[in-house]
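Architecture and fold: a report
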Amino acid sequence: MPCSSIITPQHNDDDDASSDFKLNESTFLASLMPKKEIAVDRFLQDHPNYDGRGVLIAIFDSGVDPAAAGLQVTSDGKPKILDVIDCSGSGDVDTSKVVKADADGCICGASGASLIINTSWKNPSGEWHIGYKFVYELFTEELTSRLKKERKKKWDEKNQEEIAKAVKQLQDFDQQHIKVEDAQLKRAREDLQNRLDLLKRQSESYDDKGPVVDAVVWHDGEVWRVALDTHSLEDDPDCGKLSNFVPLTNYRIERKYGVFSKLDACTFVVNVYNNGNVLSIVTDCSSHATHVAGIASAFHPKEPLLNGVAPGAQLISCKIGDSRLGSMETGTGLIRALIAAVEHKCDLINMSYGEPTLLPDYGRFVDLVNEVVNKHRLIFVSSAGNSGPGLSTVGAPGGTSSSIIGIGAYVSPAMAAGAHCLVEPPSEGLEYTWSSRGPTADGDLGVCVSAPGGAVAPVPTWTLQRRMLMNGTSMASPSACGGTALLISAMKAEGISVSPYTVRRALENTAVPIGDLPEDKLSTGQGLMQVDKAFEYIKKCQNFPCVRYQINIQQSGKTYPSSRGIYLREASVCRQSTEWIVQLDAKFHEDASNFEDLVPFEECIELRSTEPAVVKVPDYLLLIHNGRTFNVVVDPSNLGDGLHYYEVYGIDCKAPWRGPIFRIPITITKPHAVTSQPPRVSFSKMIFQPGHIERRYVEVPHGASWVEATMKTSGFDTARKFYVDAVQICPLQRPLSWEKVVSFPSPATKTFAFKVVSGQTLELVISQFWSSGIGSDETAIVDFEVVFHGIKVNKEEVTLDGSEGPLRIDAETLLASEELTPTAALNKIRVPYRPVDSKISALSTDRDKLPSGKQILALILTYKIKLEDGAEVKPHIPLLNGRIYDNKFESQFYVISDLNKRVYSTGDVYPSSSKLPKGEYNLQLYLRHDNVQILEKIRNLELFIEQNLGDKEIIQLSFFSQPDGPVIGNGSFKSSFLFPGIKEGFYLGPPPKDKLPKNSTQGSVLLGAISYGKLSFSEGENKNPEKHPASYQLSYVVPPNKIEEDKGKGSSKSSKKTVSERLTEEVREAKIHVLGSLKQETDEERSQWEELAASLKSEYPKYTPLLAKILEGLVSRTDVEDKIGHDEKVIDAANEVIDSIDREELAKFFALKNDPEDEAEDIRKKMETTRDQLAEALYQKGLALAEIESLKLADLTTWCILSKEGDTEGAKKDEDKSGDQSTHDPDLFEENFRELKKWVDVKTPKYGILLVTRPQNMESC
């Protein structure tokens, strides 16, 4: 996700500021776009032409608006944005359908609308590719919300007018007809009343799905052209028509963009791929990217103080945020963005996005980034994250990847006073409180350098403003990227070879430290970058080899894991000396020469330690190309409790002025041992000022599972805001972090509880927000007490195997007496599915060919899902979910659609719940990789569909003191007191079989939680174990269904059938399955389908499932030319389904109550299926009747127009044509609709179109 969009006006920075810091107009404007902090002013004063000219930056973000202020041209008059690309694919439109214009120059658009082609458009082939897009799919949530409000307001006005008319018509009718006895008059009054009721219902159930935009793509003989019909967005019916659209082509060719309408003010560009079969409509999915781009390189010739850092640089926009997912990045977007950056020969990449990660410096994206940096020499700058101030909170990829320069967020006094409008800025610059901190889990520093983390910068036009304040490491990253662009601009101008290795070392070795303590580097990196000093360093080092120093460390005696730093966090390793083996390798760019670069490389390096008493290293080593090893001994035994940071670094003996050419971070968090009984730790009289951070490290006692903390504040006047964080590091897990933002309007005491892992070091961080309390002379005093609690059990995460037997659990407390109050509940179900179809295909070379030349492949897995009732569902893929960057697969993306291809939900690594009505669905899962063998291995990938159980369906499990308790019902266990050293046992009973959800098939898993203890400050009984901080996952595997017995006779119903009968049934079902699997895309395929359908109908003439499958096949057809003829076939097929069902018998069955335990369960399921088939047939018949009526009305309108214009011959043809078609009495529609109402709730969304169509058909009666 974007590493910013904390759009709260609160932040600060400047080194030489004092408490009486004052701004004038020019310094105020400069503070809005901070550049002085990183010495941009000094650098440009000395080198005015090195302002980014000749540098191309790729912005990996949410999509840049090319119409935004300051993003049109560079300082030297060149186009600012060279390309705008939607790498996510969220704006893709399928334009594979090709049509030709009729004699009048009209085509039928993909939405069904008639479109007039502009006669001036060149199209030598005469072929028009068509597609459509719901425009809300292209807009941000914020913009969509604004448009919906404005459209709803206009709709309400019109709807109220129609309601007023309907009321008056009804009143006039009643006045004219006092007694209504005639059937025709009764019907007329009912029609008026229904119309009024419908208008009222419309007002209550208004749902704006948004306008549809028709797209037309064609080749003009030179390039692909695109035109959009946007008239549905306009108030004026003459605006937005296709023929008035000024055609666009791929943005990089002509660099032109469009705007959908004046109402939305949303800019878009287009790109055409795959020979015109895919149109990409590119919009931004948030204002984030435009803001980022503005910080990096905006150029305002009339407002130079508001220029970005590198106004001479050019940009390409690579949209990695997916509009379908809000603005979440996807693997597809990330990989395509890297491809585009290499293709455009970019110099720099800025990526202000990131996520937590299981493994640092790992994953498919990281592998490709390494290739891009090491082979193509791109410099990759990225945000470190906004999850601070706890340690080890840096996110991927910016803070965890060796090839990426990770940036922390700094605030200066000028920024605080100006951009954040604070009364009294801090006396000196500091890191924002929320800026993520290192080290990484494997000991790397995490943050490379820091840069200003806030700015007032350009935003997209749809926001209806020019600029906006945002802060975050998202803003720090483009500030650093812009500064790096200045360096590259200077290097190119002066003929210095550009290398990411050289630039990174220059930034680190010339940064100004922020803070006085060694451990401040974990927050700020090497400090605040300084562009001018970095350039001087680069010039001096230009004749040295372009080398990066790769460090791989292992603890002596171990082969796993390896690391990039030394991170001693747990108590055991902090009490003794440890030896570490360091493998140091010199890595060159891939184009380095063996004889000129690799063979002669040799460096004499002096090894130094920042604290020899704790960290011992050899004095020297001779490094050659093939690398060297040396040992490091770390002895923290004499250190006091708390955080300690040291470095081992190498100095070039021949050029010590270069500073450290590599660094090995060493972080030690020596925890405090808890010895009191009961186990508690108090931190008293901690004094806080704005931005102050207190860190405490505690060894969590063995047996502890949760903490109850009390925070008492005193001594201040104005309100204070604190961050309270707790962080633990466990192997192969994301950092276990808990955070609470606590506000104190006045001195008070607050309590909270959180989960801890026994035996692991706990970091407690209490920080006063950097801008909280500014302007007050009072300091805040905090007393913080932590009390450890825990109930140790032999099974924390419990799995019930589906049997009737209970599960025994042993519980004990190791710390102090605790009240044992076990609670367990199952509140969701996961149903397993295997794919019914899998397909591997090569993707288009336009966007999906890696820089190495490898073609990316896609695996598409299709899962069939059937819901017996409407439900909120969420896909769950254990292999893939929750990992974007630490994943070796390039991408995962799913789409859930119904059988009519209506999309209900999309998602990726973080699936979300979607509400689906009853019915059948296809879930298509898209996976990408360039290795076909890897994709082949997961063609059978298991997927779960997860549903939350309703409040009444949640299963509370019971506990027993006896093993027979679940069956006999005695020995219930409620609570007990545990005393240290004494175990107590009890049994967890399985859920009663009659409480299992009806969709819980064999292999399904019921999920929930179990907790064991009681919070000391909780009141009453808590039946929801998930609310307890120390709750654990509870699973119940659904066993096989019971064997259906025939009233105790011991023989199943199916066993009564002969082998011959069962074989006949199996053959019949297999034939129907084959019919359903046949495609109908070509005339030949349709002919084969019809032949098989006719054959099966003659063989099984009244078999409802077959007739329903035939109807389904007819409805699924697309590209139908004779629509009325097709609708006639649908009606006939629907009638055959309806006639095959004994509706009277069906109604009787559902009128009776059926015992679910009876053998009638199978009959009930069969009857429900038959009812669904009947309802679907009635529904499709209604749609077909309505469409025929609509088409007939259109033909009649055409006939009238032709008659008026004197074209009697054309009118006669249309009249004859109309006469050839079967006509349907509108009464049939009403009769069909009434029948449908008997079986389903027609007010559900599925049948909404019939509700709307019904009054129109009744009027035609």
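Bear in mind that the values here come from a model prediction, so they are computed numbers and not experimental data. (Residues numbered from 1 in each chain as written. Predicted model: local features only at pLDDT ≥ 70, side-chain atom pairs only at ≥ 80, totals over all residues. Heavy atoms only, no water.)

1. Quick look at the overall build of the chain
Helix and strand counts for the chain stand at 25 helices and 56 strands. Relative to its length of 1261 residues, the chain is compact, with a C-alpha radius of gyration of 35 Å against a globular reference of 33 Å. On the principal axes, the C-alpha backbone points of the chain span a range of 105 × 85 × 70 Å. Of all 1261 residues assigned to the chain, the portion counted as buried reaches 54%. For the chain, the share of sequence-separated contacts (at least 6 apart) that also reach a separation of at least 24 residues comes to 76%. Carbon and sulfur atoms make up 50% of the accessible area of the chain, which totals about 56,600 Å². In the chain, 144 side chains carry a positive charge and 180 a negative one; their mean positions are 1 Å apart. (Helix = DSSP H or I, 4+ residues; strand = E, 2+ residues; numbered from the N terminus. Rg over C-alpha atoms; globule rule 2.2 N^0.38 Å. Buried < 20%, exposed > 50% of the residue type's maximum accessible area, 1.4 Å probe, protein only. Contact = heavy atoms within 4.5 Å. Areas by Shrake-Rupley, 256 points an atom, 1.4 Å probe, with all protein chains shown as cover. Lys, Arg positive; Asp, Glu negative; His and termini not counted. Charge placed at Lys NZ, Arg CZ, Asp CG, Glu CD.)

2. As for a nonpolar patch on the surface
There is a patch of nonpolar side chains on the surface, built from Phe-977, Phe-979 and Ile-982 and spanning about 340 Å² of accessible area. Tracing the backbone shows Phe-979 in the loop between β53 (976–978) and β54 (984–988). (Patch = residues over 30% accessible without salt bridge, like charges linked within 9 Å, V, L, I, M, F, W, Y side chains within 5 Å. Salt bridge = Lys/Arg side-chain N within 4 Å of Asp/Glu carboxyl O.)

3. Observations regarding the sheet that holds strand β44 (residues 857–867)
Taken in spatial order, the five strands of this open sheet run β43-β44-β49-β46-β47, and their pairing is antiparallel. Pairing within the sheet leaves two strands with one partner each, and these edge strands are β43 (837–842) and β47 (903–907). Within this sheet the neighbouring strands show an average axis-to-axis angle of 20°, counted without direction. (Pairing = 2+ DSSP bridges. Axes fitted to C-alpha atoms, helices over the stretch in contact; angles between N-to-C directions.)

4. Overview of the side chain of Ser-286
Looking at the element boundaries, Ser-286 is found in the loop between β12 (278–282) and α6 (288–297). Residue Ser-286 is classed as buried on the basis of its relative accessible area of 16%. Polar side-chain contacts of Ser-286 include one of 3.0 Å to the side chain of Ser-62. Among the polar contacts made by the side chain of Ser-286, one reaches the main-chain amide nitrogen of His-288 at a distance of 3.1 Å. Setting aside residues no more than four positions away along its own chain, Ser-286 makes contact with Ser-62, Gly-63, Thr-140, Ser-327, Pro-460 and Trp-462. (Polar contact = N/O pair within 3.5 Å; in protein donor to acceptor, adjacent residues only side chain to side chain.)

5. Notes on the packing of aromatic side chains
Taken as a whole and assessed by the stated rule, the structure comprises 29 aromatic pairs. Here the aromatic rings of Tyr-723 and Phe-769 are separated by 5.6 Å at their centres, their planes lie at 45°, and the arrangement is tilted. Of this pair, Tyr-723 sits in strand β34 (residues 720–728) while Phe-769 is found in the loop between β37 (761–768) and β38 (780–789), placing the two residues 46 residues apart along the sequence. Judged by its relative accessible area of 10%, Tyr-723 falls in the buried class. The rings of Tyr-432, Trp-434, Tyr-723, Phe-769 and Trp-770 are connected pair by pair, giving a single aromatic cluster. The ring of Trp-657 is capped by Lys-540, whose NZ or CZ atom sits 4.4 Å from the centre of that ring. (Phe/Tyr/Trp six-rings, centres within 6.5 Å; stacked < 30°, edge-to-face > 60°. Lys NZ or Arg CZ within 6 Å of the ring centre and 35° of its normal.)

6. So, the nonpolar core
Counting 76 residues, the largest nonpolar core has Ile-57 and Leu-348 as its most contacted members. Ranked by residues supplied to this core, first place goes to helix α10 (residues 473–493) with ten residues. When neighbours within four sequence positions are excluded, Ile-57 is seen to be in contact with Ala-313, Gln-314, Leu-315, Ile-316, Leu-348, Asn-350, Cys-481 and Ala-485. Core analysis: the second largest hydrophobic core is formed by 56 residues, Leu-826, Ile-955, Leu-988 and Tyr-1012 among them. (Core = buried A, V, L, I, M, F, W, Y, C linked by side-chain atoms within 4.5 Å.)

7. Let's talk about empty space enclosed by the protein
Space left empty within the atom packing is revealed by a probe, the size of a water molecule, rolled over the atoms. Going through the model one piece at a time under the given rule, you end up with eight cavities of 30 Å³ or more. By volume, the largest cavity is sized at about 80 Å³. In this structure, the largest cavity is lined by Glu-329, Thr-330, Gly-331, Arg-883, Ile-884, Asn-887, Phe-889, Glu-890, Ser-891, Gln-892, Asp-908 and Val-909. Within the lining of the largest cavity, the residues separate by chemical class into three nonpolar, five polar and four charged. (1 Å grid on protein atoms, 1.4 Å probe; cavity = no way out; pocket = protein on both sides within 12 Å on 5 of 7 lines; lining within 4 Å. Points joined across faces, edges and corners; volume = space filled by probe spheres on them. Nonpolar A, V, L, I, M, F, W, Y, C, P; charged D, E, K, R; others polar.)

8. Here we look at α6
What sets the pattern is the α-helix's 3.6 residues per turn: residues three or four places apart point alike. Of all ten residues in α6, ten are buried; the element is thus mostly enclosed. Turning to α6, its buried residues are His-288, Ala-289, Thr-290, His-291, Val-292, Ala-293, Gly-294, Ile-295, Ala-296 and Ser-297. Turning to α6, the residues buried within the fold contact β1 (56–61), β13 (314–319), β14 (348–351), β19 (454–458), β20 (467–471) and α10.

9. Re the packing of α10 against helix α13 (residues 531–540)
It is the contact of α10 with α13, at a shortest axis distance of 10 Å, that shows an interaxial angle of 35°. Viewed along their axes, α10 and α13 form a crossing whose handedness is right-handed. Note on element contacts: α13 touches α10 through Val-531, Ala-534, Phe-535 and Ile-538, opposite Gly-483, Leu-486, Leu-487, Ala-490 and Met-491. Of the residues that constitute the contact of α10 with α13, the class distribution is eight nonpolar, one polar and no charged. (Left-handed = near helix turned anticlockwise from the far one by under 90°.)

10. A word on the environment of Thr-332
Mapped onto the secondary structure, Thr-332 falls in helix α7 (residues 331–343). For the pair Thr-332 and Ile-581, spaced 249 residues apart in sequence, the C-alpha to C-alpha distance is 38 Å. Aside from chain neighbours lying at most four places away, what touches Thr-332 is Cys-87, Ser-88, Glu-890, Ser-891 and Arg-928.

11. Some words on the state of the cysteines
In the structure shown here, the tally under the stated rule is zero disulfides. Distance from the sulfur of Cys-346, which forms no disulfide, to the nearest cysteine sulfur (Cys-318) is 6.6 Å. The closest cysteine sulfur to the non-disulfide-bonded Cys-481 is located on Cys-346, 10 Å from its own sulfur. Judged by relative accessible area, which is 0%, Cys-481 ranks as buried. (Disulfide = S-S within 2.5 Å.)

12. Brief notes about the packing of α7 against helix α8 (residues 364–376)
The contact between α7 and α8 brings their axes to 10 Å, and the two run at 10°. Relative to α8, the element α7 is oriented roughly parallel. Listed contacts from α8 to Leu-334, Ile-335, Leu-338 and Val-342 of α7 are Phe-365, Leu-368, Val-369, Val-372 and His-376. A breakdown of the residues in the contact of α7 with α8 according to their chemical character gives eight nonpolar, one polar and no charged. (Parallel < 35°, antiparallel > 145°, perpendicular 65-115°, else oblique.)

13. Quick notes on the environment of Arg-608
Here Arg-608 shows up in strand β24 (residues 602–609). Residue classification places Arg-608 among the partly exposed residues on the basis of a relative accessible area of 31%. Placed 206 residues apart in sequence, Arg-608 and Leu-814 show a C-alpha to C-alpha distance of 45 Å. In this structure, Arg-608 is in contact with Val-617, Glu-647, Val-648, Tyr-649 and Ile-651, ignoring residues within four places of it in sequence. A polar contact of 3.3 Å, which involves the side chain of Arg-608, links it to the side chain of Glu-606.

14. Digging into the pairing of strand β55 (residues 1005–1013)
Counting buried positions along β55 yields nine of nine residues, so the element is predominantly enclosed. Of the strand pairs in this sheet, strand β42 (residues 818–833) and β55 are connected by eight bridges, and their pairing is antiparallel. Each bridged residue has a counterpart across the sheet, and for Lys-828 the counterpart in β55 is Leu-1007. Pairing analysis gives seven bridges linking β55 to strand β56 (residues 1031–1037), with the strands arranged antiparallel. If you follow Ile-1010 over to β56, its bridge partner there is Tyr-1032.

15. A few points about the pattern of salt bridges
Applying the stated criterion to the full structure yields 61 salt bridges. Notably, a salt bridge pairs Asp-367 with Lys-888, separated by 2.7 Å at the nearest N-O pair. Of the two residues, Asp-367 is situated in helix α8 and Lys-888 in the loop between β45 (871–876) and β46 (891–898); the sequence distance between them amounts to 521 residues. For Asp-367, a relative accessible area of 32% gives the class partly exposed. Judged by its relative accessible area of 33%, Lys-888 falls in the partly exposed class. Between Glu-1090 and Lys-1129 there is a salt bridge, with its nearest N and O atoms 3.9 Å apart. You can see Glu-1090 sitting in helix α18 (residues 1083–1099) and its partner Lys-1129 sitting in helix α20 (residues 1123–1139), a full 39 residues away along the chain. Its relative accessible area of 33% is what places Glu-1090 among the partly exposed residues. Residues joined by salt bridges that share partners form a network here, namely Arg-336, Arg-364, Asp-848, Glu-890, Arg-928 and Asp-930.

16. A few points about the sheet that holds strand β7 (residues 128–134)
Strand pairing in a sheet relies on backbone hydrogen bonds, with the paired strands running either antiparallel or parallel. Read from one edge of the open sheet, four strands run β4-β7-β8-β9, paired in antiparallel fashion. This sheet does not close on itself; its edge strands, each paired only once, are β4 (97–99) and β9 (224–229). On average, each strand axis in the sheet is inclined to that of its neighbour by 35°, with strand direction left out of account. Here six bridges tie strand β8 (residues 212–219) to β9, and the two strands are oriented antiparallel to one another. Bridging across to β9, Val-217 finds its partner in Val-226.

Worth remembering: the numbers are spatial, not functional.
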